[in-house]
Amino acid sequence: MNRLHDMFENLKQKKEKALVGFVTAGDPDISVSLRMIISMCKSGVDILELGIPFSDPTADGPVIQRSSARALANGVSLGKVIGMTKKIREETDVPIILFSYYNPIHAYGNARFYQDALEAGADGVLVVDLPPEEADEMTDTWAGDGLSLIRLVAPTTPGERMKHIAESASGFMYLVSKTGVTGSDGLDTSEIGQHTELLRSVTQLPICVGFGISTPEDVAAVAAVADGVVIGSAFERLIEDNLDNPDLVSIITERVCEYKAATKL
Amino acid sequence: MDKFEAENYPDSNGHFGAYGGRYVAETLMPALLELEKAYYDITPDPAFQDEFHGLLHHYAGRPTPIFHAKRLSAHLQGASIYLKREDLAHTGAHKINNTLGQALLARWMRKKKVIAETGAGQHGVATATVAALFGMECNIFMGTEDIRRQAANVQRMKLLGAEVTPVESGTGTLKDAMNEAMRYWVGAVQDTFYVIGSVAGPHPYPAMVRDFQKVIGEEARGQISEEAGGMPDMLIACVGGGSNAMGLFFPFINDTVEMVGVEAAGKGVETGKHAATLGAGSVGVLHGSKSYVLQDENGQIQEAHSISAGLDYPGVGPEHSLLKDLERVRYVAINDSQALEAFQTLCTLEGIIPALESSHAVAQAMIEARRRPKGDVIVVNLSGRGDKDLGIVNQNPELGS
């Protein structure tokens, strides 16, 4: 069973692009987070990126830093995120990518992480600070190839290196739209088009684009060139603005529907 | 004990045994590969080395002297203590050696902007200084707690024309400043050179910073032979990230001399409020390299604590991590009050006001000297001067009055 592959095939039939939704697990708290995520998956999120909070998120802007800090204050750990994954999997077939910095996985144990994440129903993992040069120490301990290792390509990545990264990738490629941390503004869709084209020349895998995408108009513009559009900080900002709002889940769900509509060609 | 073969480290991927490497976001990888190439191609160039050593001599005031601390030694009634006077280098600490090297490399790479993180402010001042010297734009990231406790250095950086960006996240200390500098670099990587101040961070920084700092140990070797008539019995240096210690130790690494690295025990290692990363930490990944780190069982980095802002860091250089495992260097920890006592002692017995960071090394030297016979020779790296710490020391009722 390969949920990621099936999902992209299915969307192709429907002439849609994938809406990839990132949220930090356990923000604002574990139970609201679970309800919200399940609702998101049932109303338009095609791939879930479940963020494992880390104390020192050096690739993230202030919005995701704060969501990470709130989740940590709630006692969220990698073990608890795996527990949440299991519960989400009971409710939906949406592919789940665990999104992490390397240190929490290293501390949990690479082999144990593979086993537990797979059993819980995760489909892949994206480790933001683990470039191909360092990734073997993690994947060499994996007892199979049940988890896709999602690879990042940045605007600074030269063509030769792109090719090298693509060779070891599976699931899909994550193209970072711009230099900078998550949530920074200044989206340049023509540049994204060029990078996507370059990346397509070296890989058959679907390409999802993320960083700095926040409006349905952004989503439509990126969906025109890529196979999937990643929304992270925009969801987190909305969560932050409605931390104590009892309607948080419906507010987020409504936003998911708006983004999803923009992925239909 | 396995022999440490210095020339084998780091390997081609920047690993020191199990440590080091490049654990960074893909956006930074091309910049690190470019920097690595520049480090291997440009820094060995005789023209680069001539310019670097010319600046160390004419601008930074090297060689710094080695000084026999006779009154301190007599007071301890044991081994002879010699101080390697990095406090006398321009800007008041060893940090200038590395910033001159990196700024020169930045110039050879045609980068016009530099950024840096700083804890105690010494690396920030040293970076602002070379940026002024080379006419480069300079932005220094500093935690708000450190800005408060190291106010004099903030003023110096501003005078030198640098922008100081306050970092409020976390505890507002060195770790948070480094997080923010890395975030800024991700967005500005195409035209900005990141001047890392310690033997930490992703490859090639740990090796490069060590190489720019090893002038300390190279000078000390010659000086101590002349002054004391042979090799020293022991070297002592404080370790936060560990650049002054690597600088002193590295040229002696294949000798039989005993080496001691001194971490900050803060309020005491047993209280949990300390910065003894090698003494009480475990292996993890922080700021782009694998090393010992202070972390909880879930891999979340913990806060460090030390009276000395420069040692207040929950990570440590990868090469120190390897040297610990190989037992080539012994790592110990000195607490806040021991450091303050050593600070006071050096002031009154030798007329030298040491930085609180360096005071940790002096405190350990006082312990070691008492245990050793009079003929033994201990070299202590007096990595910086203490003017910046007067505010902290004055707040301490038992001292300075």
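Draft legend 1. Representation of the interface of chain A and chain B. Listed by partner, the interface residues are 36 residues for chain A and 34 residues for chain B. We note a salt bridge from Asp56(A) to Lys175(B), for which the minimum N-O separation is 2.8 Å. Summed over the shared surface of chain A and chain B, the number is 20 residue pairs in polar contact (both at pLDDT 80 or more). Only α3 (62-73), α5 (102-108), α7 (132-139), β6 (151-153) and α8 (159-167) of chain A provide two or more residues apiece to the side of chain A that touches chain B. Top element by residues in the side of chain A that touches chain B is α5(A). It accounts for five residues. For the side of chain A that touches chain B, a count of residues per class yields 19 nonpolar, ten polar and seven charged.

Draft legend 2. Geometry of α7(A). Buried residues of α7(A): Pro132(A), Glu134(A), Ala135(A) and Met138(A), and no others. One side of α7(A) holds all its buried residues, which, seen down the axis, span an arc of 150°.

Draft legend 3. A look at the packing of helix α1 (residues 29-41) of chain B against helix α9 (residues 205-213) of chain B. Residues and elements named next belong to chain B. α9 packs onto α1 with a crossing angle of 35° between their chain directions and a minimal axis gap of 11 Å. The interaxial crossing formed by α1 with α9 has left-handed handedness. In contact with Leu 32, Leu 35 and Tyr 39 of α1, α9 contributes Tyr 205, Ala 207, Met 208 and Asp 211. Looking at the contact of α1 with α9 residue by residue, the classes come out as six nonpolar, no polar and one charged.

Draft legend 4. View of the sheet that holds strand β14 (residues 377-382) of chain B. Residue and element names in this part refer to chain B. Across the sheet, which stays open at both edges, the six strands sit in the order β3-β4-β14-β9-β10-β13 with mixed pairing between neighbours. Each edge of the sheet is formed by a strand with only one pairing partner; in this case those strands are β3 (66-68) and β13 (330-335). Sheet twist, expressed as the mean angle between neighbouring strand axes with direction ignored, is 25°. Where strand β4 (residues 80-85) lies against β14, six bridges are found, and the strand directions are parallel. Bridging across to β14, Leu 83 finds its partner in Val 380.

Draft legend 5. Here's a closer look at the pattern of salt bridges. If you walk through the whole model with that rule in mind, you get 40 salt bridges over all chains. In this structure, the salt-bridge partner of Glu26(B) is Arg161(A), at a minimum N-O distance of 2.8 Å. Remark: Arg161(A) occurs in helix α8 and Glu26(B) occurs in the loop between β2 (19-20) and α1; the pair is interchain, linking two chains. Each member of the pair, Glu26(B) as well as Arg161(A), carries the same accessibility label: buried. For Arg371(B), the salt bridge goes to Glu368(B), with nearest N and O atoms at 3.5 Å. Of the two residues, Arg371(B) and Glu368(B) are both situated in helix α15 (residues 356-371); the distance of three residues between them amounts to about one turn of the helix. The exposed category is assigned to Arg371(B), whose relative accessible area is 58%. We classify Glu368(B) as buried; its relative accessible area is 3%.

Draft legend 6. Structural view of the pairing of strand β2 (residues 47-51) of chain A. Residues and elements named next belong to chain A. Of all five residues that make up β2, five are buried, and the element is covered over most of its length. Residues Ile 47, Glu 49 and Gly 51 of β2 are buried on one face, and the alternating residues Leu 48 and Leu 50, pointing to the opposite face, are buried as well. In terms of strand pairing, strand β1 (residues 18-24) meets β2 through five bridges, oriented parallel. Within the sheet, the bridge partner assigned to Thr 24 lies in β2 and is Gly 51. Both β2 and strand β3 (residues 96-100) contribute to a ladder of four bridges, which runs parallel. Among the inter-strand pairings, Leu 48 is bridged to a residue of β3, identified as Ile 96.

Criteria and thresholds
Numbering of residues starts from 1 in each chain and follows the order in which that chain's sequence is written. Key to labels: chains lettered from A, ligands numbered from 1, both in the order written. Only residues with pLDDT of 70 or above have their local features reported here, since the model is predicted, and side-chain atom pairs are shown and tallied only from 80 upward, although totals for entire chains, interfaces and linings are computed over all residues. Water and hydrogen atoms were dropped before computing side-chain values, which therefore reflect all heavy atoms in the structure. Any two residues whose heavy atoms approach within 4.5 Å at even a single point are treated as in contact. A side-chain nitrogen of Lys or Arg and a carboxyl oxygen of Asp or Glu constitute a salt bridge if their distance falls within 4 Å. The definition of a polar contact used here is a pair of N or O atoms within 3.5 Å, where within protein one atom must be able to donate a hydrogen and the other to accept one, and adjacent residues in sequence count solely through side-chain atom pairs. Segments assigned H or I by DSSP are reported as helices when at least four residues long, segments assigned E as strands when at least two residues long, and all are numbered from the N terminus. When residues are sorted by character, Ala, Val, Leu, Ile, Met, Phe, Trp, Tyr, Cys and Pro go into the nonpolar class, Asp, Glu, Lys and Arg into the charged class, and all the rest, Gly among them, into the polar class. Only protein chains enter the calculation, and the probe is 1.4 Å; a residue is then buried if its accessible area is under 20% of its type maximum, exposed if over 50%, and partly exposed in between. What the arc describes is the spread of directions from the helix axis to the C-beta atoms. In this analysis, axes come from line fits to C-alpha atoms, helices being fitted only over the stretch in contact, and the angle between any two N-to-C directions falls in the range 0 to 180 degrees. Handedness of a helix crossing follows the sense of rotation of the near helix relative to the far helix, less than a right angle counterclockwise being left-handed and clockwise being right-handed. In this analysis, strands are considered paired if DSSP registers two or more bridges between them.

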